Amino acid sequence: MVTAATLAVSAPARGADIQRVVTPAGAEAWLVQENAVPLVAVEIAFRGGSAQDPDGKEGLASLMSTLFDEGAGEMSASAFQQRLEETAIELSFSSNRDGLTASLRTLPENIDEAFRLLGLALSKPRFDDDAVNRMRGQLSAQIRRNALDPDDLAGRSFFAAAFPGHPYSRPSRGTVTSLAAVTRDDLVAAHKRLMARDNVVIGVVGAITPERLKGLVDGALAGLPEKAGLKQVPTVAPAGAGRAEVTELDVPQTSIIFGRPGPLRDDDDFIAAYVVNHILGGGTFSSRLFNEVREKRGLAYSVYSYLQPFDHGGLLLGGVATRNDRAGQSIDLIRAEFARMAKDGPTQEELDSAKRYLIGSYALRFDTSSKVANQLVQLQLDHLGIDYITRRNDLVSAVTLDQVKAAARKLLGDGSLLVVAVGKPAGLDGAETRPAPQPEALR
């Protein structure tokens, strides 16, 4: 196991721990070679994701990600899954708004077979009709189950309101209707357009040498096209701050999502904004929101906020769930705390406490091989540099009180929020109210 001490504390996190491996074919992977544990963990990401779904065929990327291990090359779905089981190889795929990901875990003695199966899944998925119909059915069933789930409905409504007309406004899993419109030809075209050698990011941790990794990576990517054909996605500032929207649902508790524009990951003051958010709502048991909403008044079990820097738009997001008759009071307190933080910023004591926690807890991101591999990929996606792990805690430590106060003013502005609530909340004056959608309408 690559431990916290190895990567986040020792020396601290020596730059030599991460090796940039460039293959003969020009692919790049970041490697942490760790021979003490008989395991190799691989994370791969392709930029794109559901933001690339065509209009009317939302959920295409999500459906495609479920099909990579449902048969590849000459192997049927059952044969492919059986081979994974026989060799104790874990291989999974997923998608999000900005990308498609693959996760691989294998013992070193099975690494050649693991990369062979990975290469087949990435470059030669079969998209057999029976597999497509089966996975489409599973996704559609999930959509129907979640159609009137308060948290799920609040999330869909929030993104529709925050990103009107933008690909982020659409449900990344699609709808029953949009999934039904996806054909095998759509899957083949999307695979060719999104998954290419110039569009891939790779992180590897485990008992493998750089030289051996080069050949395995080139072999796994050999069947992919050289260049991706991503459509341009505009970068936008989320809309709706100052608005409140209620979807009426006959449930005893109101689920609320609130937010406003946030920084992109490459913003110069991202770290200062990150510290501000920790003080405001990111520190689970120490944040201002937790103290005001739960500790002092017992209005909710949990209240939180976090920064969500997508590739094409940044958000400061938060959430709370509370009794219907306490919803208005909870949001009033949250709005007041946003406004107070924007006006006065944190105190020196809050800043010092936040920095101690953020520096001390950073090691927990690196306490398993899988977490390390994920971090290697995320660092590349965010263009943070191979030495970021060695610099990160120093960046947090260097944040001053003046910087966090300036970041709070920029991040929180006038404190106004886009608030989306699902339930029967009392006290949300001025909110736009709409009835709960009928299940048929959500398809």
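Please refer to the structure higher up on the page.
Residues numbered from 1 in each chain as written. Predicted model: local features only at pLDDT ≥ 70, side-chain atom pairs only at ≥ 80, totals over all residues. Heavy atoms only, no water.

### Re helix α15 (residues 388-397)
Argument step 1. All buried positions along α15 are accounted for by Y388, I389, R392, N393 and V396. Down the axis of α15, the buried side of the element spans an arc of 135°, and every buried residue falls inside it. (Buried < 20%, exposed > 50% of the residue type's maximum accessible area, 1.4 Å probe, protein only. Helix = DSSP H or I, 4+ residues; strand = E, 2+ residues; numbered from the N terminus. Arc of directions from axis to C-beta.)

### Some remarks on the packing of helix α11 (residues 288-295) against helix α12 (residues 327-344)
Between two packed helices, both the angle of their axes relative to each other and the distance between the axes serve to describe the pair.
Argument step 1. For the pair α11 and α12, the least separation of the axes is 10 Å and the interaxial angle reads 150°. One element, α11, and the other, α12, form an angle in the roughly antiparallel class. The two elements α11 and α12 meet at a crossing, and its hand is right-handed. Seen from α11, the contacting residues are R288, L289, E292 and V293; seen from α12, they are S330, L333, I334, E337, F338, R340 and M341.
Argument step 2. For the contact of α11 with α12, the residue count by class is six nonpolar, one polar and four charged. (Axes fitted to C-alpha atoms, helices over the stretch in contact; angles between N-to-C directions. Parallel < 35°, antiparallel > 145°, perpendicular 65-115°, else oblique. Left-handed = near helix turned anticlockwise from the far one by under 90°. Contact = heavy atoms within 4.5 Å. Nonpolar A, V, L, I, M, F, W, Y, C, P; charged D, E, K, R; others polar.)

### Regarding the sheet that holds strand β11 (residues 418-423)
Argument step 1. The strand order across the open sheet built from six strands is β9-β10-β8-β11-β7-β12, with neighbouring strands paired in mixed fashion. The two strands at the open ends of the sheet, each matched to only one other strand, are β9 (300-310) and β12 (432-435). Between one strand axis and the next, the sheet turns through 15° on average, direction left out of account.
Argument step 2. For β9 and strand β10 (residues 313-323), the ladder comprises nine bridges, and the chain directions are antiparallel. Its bridge partner being in β10, Y306 is matched across the sheet by L317.
Argument step 3. Of the strands in this sheet, β9 and β10 touch helix α10 (residues 270-282), which is tilted by about 170° from β9. (Pairing = 2+ DSSP bridges.)

### Looking at the pairing of strand β1 (residues 19-22)
Argument step 1. Bridge count between β1 and strand β2 (residues 28-33): four bridges; the pairing is antiparallel. Pairing of Q19 across the sheet is with L31, part of β2.
Argument step 2. Between the antiparallel neighbours β1 and β2 lie five residues, among them G26 with a positive phi of about 95°.

### Side note on the environment of V422
Argument step 1. If you trace the backbone, V422 turns up in strand β11.
Argument step 2. Classification of V422 by relative accessible area gives buried; the value is 0%.
Argument step 3. Along the backbone, V422 and D152 are 270 residues apart, and their C-alpha atoms lie at a distance of 9.5 Å.
Argument step 4. When residues no more than four places from it in sequence are discounted, the contact partners of V422 are P150, L153, A154, T247, L249, Q253, T254 and S255.

### Notes on the packing of α10 against helix α13 (residues 348-361)
Argument step 1. At a closest axis distance of 10 Å, the pairing of α10 and α13 adopts a crossing angle of 105°. When the axes of α10 and α13 are compared, the pair comes out roughly perpendicular. Residues Y274, V275, H278 and I279 of α10 lie in contact with α13, whose contacting residues are E350, L351, A354, Y357 and L358.
Argument step 2. A class-by-class count of the residues in the contact of α10 with α13 yields seven nonpolar, one polar and one charged.

### A short note on the layout of surface pockets
The probe, sized like a water molecule, is rolled over the atoms to show the empty space still left.
Argument step 1. Space inside the largest pocket adds up to approximately 1,000 Å³.
Argument step 2. As for the largest pocket, its lining consists of 36 residues, and the residues nearest its centre are R265, P309, Q378, L381 and D382.
Argument step 3. Contributions of two or more residues to the lining of the largest pocket are made by β3 (40-47), β5 (99-106), α10, β9, α14 (369-381) and α15.
Argument step 4. For the lining of the largest pocket, the element with the highest residue contribution is α14, accounting for six residues.
Argument step 5. The residue inventory of the lining of the largest pocket, partitioned by class, reads 17 nonpolar, nine polar and 10 charged.
Argument step 6. Estimates place the volume of the second largest pocket at around 800 Å³.
Argument step 7. Of all the secondary structure elements, the ones that give two or more residues to the lining of the second largest pocket are α5 (129-146), α6 (150-162), β7 (244-248), β8 (253-261), β9, β10 and β12.
Argument step 8. In terms of residue count, α6 provides more of the lining of the second largest pocket than any other element does, 10 residues in total.
Argument step 9. Taken together, the residues that form the lining of the second largest pocket break down as 19 nonpolar, 12 polar and eight charged. (1 Å grid on protein atoms, 1.4 Å probe; cavity = no way out; pocket = protein on both sides within 12 Å on 5 of 7 lines; lining within 4 Å. Points joined across faces, edges and corners; volume = space filled by probe spheres on them.)

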